[in-house]
Amino acid sequence: MAGSELTFIWSGSDRTGRATSGEINAPSVAIAKAQLRRQGINAKRVKKKPAALFSFGKQIEPKDIAIFTRQLATMIRAGVPMVQSIDIVLDGTEKPLMKDLIRQIRADISGGAPVASSLKKHPKYFDELYCGLISAGETSGTLEVMLDRIAIYKEKSEALKATIKKALTYPVATILVAMVVTGILLINVVPQFASTFESFGSELPAFTQFVVNLSELAQRWWLIVGGGLTVFTLSFSRLKAKNRKFSDAVDAALLKAPVFGTIVRDAVIARYSRTLSTTFAAGVPLVEALDATATAAGNSVYTRAIKQIRNDVTSGMSLLQATRASGLFPMFLLQMTSIGEESGTLDEMLGKVADQYEMLVDNAVDSLSSLIEPLIMSILGILIGGLMIAMYLPIFMLGSAM
């Protein structure tokens with residue numbers, strides 16, 4: 001949906017007179033009421049929804065669109081009419097915002113609008129690739145086939161994203177917990193020991209003195225350091241979203257990063273192969289398919305390379321020649337592209353490449369998790385255990401001297 005739309009809470013009755021309520025997105029109250037009337041709802045109260053303090057889990061996520069697509073594809077393939085299929089999917093949806101989105105799509109389709117046109121009104125959730133494939137399916141009379149292909153594409157894409165997220169979430173979360181626990185110990189616990197040590201009247205061990213000094217620094221600067229890290233994180237995210245040169249530099253650096261760079265590159269290759277396979281199999285011309293693939297690449301280095309491949313193909317080069325000239329794609333993909341072009345099974349060959357690289361990403365993440373877990377636990381043990389040893393060392397020394 002467009003960014004200018006607002007969320008409204010409504011209550012009223014449906015065509016049977018049964019009381020009902022929900023949420024709807026629209027630019028204004030008047031348009032919200034008009035949309036509800038088209039859905040057969042007599043709205044008695046419509047007001048703007050107040051901003052929620054915590055909205056995690058309530059927004060429409062890509063996985064919700066993937067589930068919606070799979071359910072719709074299953075219904076259509078079973079011979080259920082489109083509007084009835086949407087009604088069935090709507091009944092099984094729990095998220096209020098997703099329900100409102102499906103209701104708006106249903107209202108447009110039941111009013112005679114093509115499915116692709118109904119989806120194009122919500123570009124935030126249905127991109128050009130999605131709508132283009134639906135439009136091709138409607139034109140060729142193979143909508144159920146296109147929906148199935150889109151569902152597979154979405155499911156594979158979300159599985160790949162989940163795998164990448166899995167590789168990053170555990171170490172990042174553990175490091176944050178370690179920082180918080182260490183900070184609490186330095187700011188709240190170590191000073192208690194330090195005041196006890198002052199009564200000993202003897203010189204502290206070097207290790208203990210180092211930790212006490214570190215604690216004093218943490219007490220003095222923790223607010224500035226914490227604020228600085230927060231500002232840095234927010235500035236980094238905003239700069240990456242707004243500044244193209246900075247975003248390109250970050251993407252290039254990710255590809256060169258140890259260990260993670262290989263995972264990122266394999267994920268991009270998998271995404272490239274899967275997208276190009278899906279669009280080409282749907283009958284989209286190669287040049288247009290490459291356009292959609294460039295948009296879905298997920299890394300600016302590869303996005304530029306795919307756009308150059310598109311330009312080379314437009315000027316008469318074969319896909320194999322153009323891909324090889326980029327210098328960014330592995331030999332396996334080049335070999336499968338060559339076989340696909342020669343045999344006329346490019347979509348099938350690229351699908352096999354996508355399967356292979358998705359498996360490589362899965363295996364790499366599993367291996368990385370197996371290696372990182374003991375490493376992180378060791379680091380945590382050294383940090384927390386070191387602090388505890390430093391605090392009890394003077395007590396041990398005092399006991400041995402008595």
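A brief look at the structure comes next. (Residues numbered from 1 in each chain as written. Predicted model: local features only at pLDDT ≥ 70, side-chain atom pairs only at ≥ 80, totals over all residues. Heavy atoms only, no water.)

**Focus on the overall build of the protein**
Phase 1 of the analysis: Each helix and strand in the protein was counted, giving 15 helices and 3 strands.
Phase 2 of the analysis: The C-alpha radius of gyration of the protein comes to 28 Å, more than 25% above the 21 Å expected for a compact globule of 402 residues.
Phase 3 of the analysis: For the protein, the C-alpha atoms occupy an extent of roughly 90 × 65 × 35 Å along the three principal directions.
Phase 4 of the analysis: Here the protein, with 402 residues, has 40% of them falling under the buried criterion.
Phase 5 of the analysis: A separation of at least 24 residues holds for 60% of the contacts in the protein among residues at least 6 apart in sequence.
Phase 6 of the analysis: Carbon and sulfur atoms provide 62% of the accessible area of the protein, an area that totals close to 22,100 Å².
Phase 7 of the analysis: Taken together, the 42 basic and 35 acidic charged side chains of the protein have centroids lying 8 Å from each other. (Helix = DSSP H or I, 4+ residues; strand = E, 2+ residues; numbered from the N terminus. Rg over C-alpha atoms; globule rule 2.2 N^0.38 Å. Buried < 20%, exposed > 50% of the residue type's maximum accessible area, 1.4 Å probe, protein only. Contact = heavy atoms within 4.5 Å. Areas by Shrake-Rupley, 256 points an atom, 1.4 Å probe, with all protein chains shown as cover. Lys, Arg positive; Asp, Glu negative; His and termini not counted. Charge placed at Lys NZ, Arg CZ, Asp CG, Glu CD.)

**Examining the pairing of strand β1 (residues 6-13)**
Phase 1 of the analysis: Here β1 runs beside strand β2 (residues 19-26); their pairing, made up of 8 bridges, is antiparallel. Counted as the bridge partner of Ser13 is Ala19 from β2.
Phase 2 of the analysis: Between β1 and β2, which pair antiparallel one after the other, the connecting turn spans 5 residues, and Gly17 there sits at a positive phi close to 90°.
Phase 3 of the analysis: Note that β1 and strand β3 (residues 42-48) share 6 bridges and pair antiparallel. Bridging from a neighbouring strand, Ser11 pairs with Arg45 of β3. (Pairing = 2+ DSSP bridges.)

**Examining the side chain of Thr163**
Phase 1 of the analysis: In this fold, Thr163 is placed in helix α7 (residues 143-198).
Phase 2 of the analysis: Thr163 gets classed as buried once you look at its relative accessible area, which sits at 11%.
Phase 3 of the analysis: Polar contacts involving the side chain of Thr163 include one to the side chain of Asp362, which spans 2.9 Å.
Phase 4 of the analysis: Not counting residues within four places of it along the chain, the set of residues in contact with Thr163 comprises Val361, Asp362 and Val365. (Polar contact = N/O pair within 3.5 Å; in protein donor to acceptor, adjacent residues only side chain to side chain.)

**Focus: the packing of aromatic side chains**
Phase 1 of the analysis: Under the counting rule described, the total for this entry stands at 6 aromatic pairs.
Phase 2 of the analysis: Measuring from ring centre to ring centre gives 5.5 Å for Tyr302 and Phe329, while their planes differ by 85°; the resulting arrangement is edge-to-face. Of this pair, Tyr302 sits in helix α12 (residues 300-314) while Phe329 sits in the loop between α13 (319-326) and α14 (331-343), placing them 27 residues apart in sequence. Neither residue differs from the other here; Tyr302 and Phe329 are each classed as buried.
Phase 3 of the analysis: Connected via pairs of aromatic rings, a cluster forms that spans Phe68, Phe126 and Tyr130. (Phe/Tyr/Trp six-rings, centres within 6.5 Å; stacked < 30°, edge-to-face > 60°.)

**Observations regarding the environment of Met359**
Phase 1 of the analysis: For Met359, the location among the structural elements is in helix α15 (residues 346-401).
Phase 2 of the analysis: When the C-alpha atoms of Met359 and Ser195 are compared, they prove to be 56 Å apart, with 164 residues separating the residues in sequence.

**Quick notes on the packing of α7 against helix α10 (residues 260-281)**
Phase 1 of the analysis: It is at 10 Å that the axes of α7 and α10 come closest, and there the two elements cross at 175°. By the criterion of interaxial angle, the relationship of α7 to α10 is roughly antiparallel. When α7 is examined against α10, the residues Arg149, Tyr153, Lys156, Leu160, Ile164, Ala167 and Leu168 are found in contact with a partner set consisting of Phe260, Ile263, Ala267, Ala270, Arg271, Arg274, Thr275, Thr278 and Ala281.
Phase 2 of the analysis: Of the residues assigned to the contact of α7 with α10, the class counts are 10 nonpolar, 2 polar and 4 charged. (Axes fitted to C-alpha atoms, helices over the stretch in contact; angles between N-to-C directions. Parallel < 35°, antiparallel > 145°, perpendicular 65-115°, else oblique. Nonpolar A, V, L, I, M, F, W, Y, C, P; charged D, E, K, R; others polar.)

**Here we look at the packing of α13 against α14**
Phase 1 of the analysis: Where α13 contacts α14, the two axes come as close as 9 Å, and the packing angle between them is 170°. Between α13 and α14, the crossing angle belongs to the class labelled roughly antiparallel. Between α13 and α14 lies a crossing whose hand is left-handed. Side by side, α13 and α14 meet where Leu319, Leu320, Thr323 and Arg324 of the first sit next to Leu333, Leu334, Thr337, Ser338 and Glu341 of the second.
Phase 2 of the analysis: For the contact of α13 with α14, a count of residues per class yields 4 nonpolar, 3 polar and 2 charged. (Left-handed = near helix turned anticlockwise from the far one by under 90°.)

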